[in-house]
Amino acid sequence: MNSVSAQHSRVLSGMRPTGRLHLGHYHGVLKNWVELQHEHECFFFVADWHALTTHYDDPSVVPASVRDMVIDWLAAGVDTEKATLFVQSHVPEHAELHLLLSMITPLGWLERVPSYKDQQEKLKEKDLATYGFLGYPLLQSADILIYKAGYVPVGEDQVAHVELTREVARRFNHIYGREADFEEKAEQAKKKMGKKNAKAFDRYRRAYQEQGDLDALTSARDLLESQQNITDSDRERLFGFLEGGGRIILVEPQPLLTKASKMPGLDGQKMSKSYGNTISLRESPESLETILKRMPTDTNRVRRTDPGDPAKCPVWQFHEVYSNDGIKAWVQEGCRSAGIGCLDCKAPVIESVLAELRPMQARAEAFEAQPELVDDIIAAGCERAREVAKETMAEVRQVMSLDRF
Ligand code: TRP
Ligand code: SF4
């Protein structure tokens, strides 16, 4: 990890508002966010512009999901004392940074992002040969870089986007600032001039930087010009160092890989909206019971007296998530010997899911009853996020010479 990211332990992550959150989101993402907020300054946002990259033909689903999603975050335990919650489109600086980054981003970098081709394949019914879709990983880079986040909790599928973000930041700093270990390299270059010259250089540099002594600046420049022992790039480094350059403007983030959610769907595949196998975080207790009772089991257990194999049963995967060793042993034994029926087996799972969702649903209901409170939380978060974003943009505009006219 480079030293700059170590200083920047801010966490940022976003979620697309394209429908109701389910248990997969809770186990895969939200539980992780709730933990991170205790250790880091966190920014979590609703990526509504991102949703448009794939849902541009039906944008009405987006606003309908925004408040619902924030309520689910709050219900899951995201704490507004600890985390800033906001909506991307309410911080238009993201769009400005995206535009400016687009100037320096080679087309090939975007075309090479794996999700570009993958998603086009997967969502064949949509025309994703759009400029917005190609550019969406760069929009994500802008989301991250504008907060100088050091860490980005994401799933496996998003790691390439964080990689792209690092490359874009590096390129930006290279063009408009200096490389990450600039000071260190400058110090090393300085040593190559010999002790006496290095000392003189330090003296001139201090006089120039602290007192604005222009004679000292000239002397230092002459000193650098006369050096035979240093390479041209070291000389350039020292020129920048002398004049106080070498600022890192955009911070390279690290991905914080979220372990693949162990939460299976009702059919045993990964829980995902596109498979239609989800359990919504707001599922009513009655419907939850019905759904779980109907959930498929080992297909070899046709009759109650047929023995089964938990390894071939989606219900077993739920036990892996929810049950203690005692219950698991009871399932293994009872299933293989046909000692228990599938409904018996499901009972503790139903109990556990209900117990997990009960407090969340109670909190969600309380927020749902006070939509103004939720809107206030979002408005305050947007304001706070915007302050940070504006600061970064002021620096970005300055180094790109956009602050002078
Ligand atoms: N692209 C992410 C997704 O589809 C959402 C997202 C947008 C995001 N901007 C981000 C995630 C910035 C982390 C950081 O899930
Ligand atoms: Fe699945 Fe349990 Fe039925 Fe065995 S007893 S098939 S593990 S539901």
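Conventions used here
- Residues numbered from 1 in each chain as written.
- Chains lettered and ligands numbered in written order.
- Predicted model: local features only at pLDDT ≥ 70, side-chain atom pairs only at ≥ 80, totals over all residues.
- Heavy atoms only, no water.
- UniProt positions renumbered as here; feature names shortened; annotations may be inferred.
- Near = heavy atom within 4 Å.
- Helix = DSSP H or I, 4+ residues; strand = E, 2+ residues; numbered from the N terminus.
- Nonpolar A, V, L, I, M, F, W, Y, C, P; charged D, E, K, R; others polar.
- Salt bridge = Lys/Arg side-chain N within 4 Å of Asp/Glu carboxyl O.
- Buried < 20%, exposed > 50% of the residue type's maximum accessible area, 1.4 Å probe, protein only.
- Pairing = 2+ DSSP bridges.
- Polar contact = N/O pair within 3.5 Å; in protein donor to acceptor, adjacent residues only side chain to side chain.
- Areas by Shrake-Rupley, 256 points an atom, 1.4 Å probe, with all protein chains shown as cover.
- Core = buried A, V, L, I, M, F, W, Y, C linked by side-chain atoms within 4.5 Å.
- Domains from an automatic or database assignment.

Taking an unreviewed UniProt entry as the reference, the protein chain is identified by name as Tryptophan--tRNA ligase belonging to endosymbiont of Escarpia spicata. Per UniProt, the protein chain has the following entry under Function (unreviewed entry): "Catalyzes the attachment of tryptophan to tRNA(Trp)." Here is the UniProt Sequence similarities (unreviewed entry) comment for the protein chain, exactly as written: "Belongs to the class-I aminoacyl-tRNA synthetase family."

Engineer: Where do I start with the site of ligand 2 in this structure?
Structural biologist: Taken together, Thr297, Asp298, Arg301, Cys313, Val315, Val331, Cys335, Cys342 and Cys345 make up the full set of residues near ligand 2. Elements supplying a minimum of two residues to the shell around ligand 2: α16 (325-336) and α17 (342-368). Per-class residue counts for the shell around ligand 2 are six nonpolar, one polar and two charged.

Engineer: Looking at this model, I keep getting lost on the pattern of salt bridges. Mind explaining?
Structural biologist: Opposite charge on two side chains permits pairing when their charged atoms draw close. Tallying each qualifying case throughout the model produces 23 salt bridges. The closest approach of N and O atoms between Arg397 and Glu96, which form a salt bridge, is 2.9 Å. In this pair, Arg397 sits in helix α18 (residues 371-399) while Glu96 sits in helix α5 (residues 93-104), placing the two residues 301 residues apart along the sequence.

Engineer: Quick question: what am I supposed to make of the pairing of strand β2 (residues 42-46) here?
Structural biologist: A regular strand places its side chains so that they alternate between the two faces of the sheet. Counting buried positions over the five residues of β2 gives five, a clear majority of the element. Of the two faces of β2, the one carrying Cys42, Phe44 and Val46 and the one carrying Phe43 and Phe45 are both buried. With five bridges connecting them, strand β1 (residues 11-15) and β2 associate as parallel partners. Bridge pairing in β2 places Ser13 opposite Phe44.

Engineer: For this particular structure, what's the right way to read the site of ligand 1?
Structural biologist: By nearness alone, 14 residues border ligand 1, and Arg16, Phe45, Gln140, Asp143 and Gln158 come closest of all. Within the side chain of Gln140, a nitrogen or oxygen atom sits 3.1 Å from a nitrogen atom of ligand 1. The side chain of Gln158 places a nitrogen or oxygen atom 3.0 Å from a nitrogen atom of ligand 1. Within the complex, 89% of the 370 Å² of free accessible area of ligand 1 lies under protein. Where the shell around ligand 1 is concerned, the elements lending two or more residues are β1, α8 (131-145) and β4 (151-154).

Engineer: Could you clarify how one ought to interpret the nonpolar core in this entry?
Structural biologist: One broad trend across soluble globular proteins is that nonpolar side chains are buried collectively. Within the largest apolar cluster, 94 residues are counted, with the highest numbers of intra-cluster contacts made by Trp73 and Tyr147. Structurally, this core is a two-domain feature, drawing no fewer than three residues from each of domain 1 (6-177 + 251-262 + 370-399) and domain 3 (282-368). Grouped together as the second largest cluster of nonpolar side chains are 15 residues, Phe201, Leu217, Phe241 and Leu242 included.

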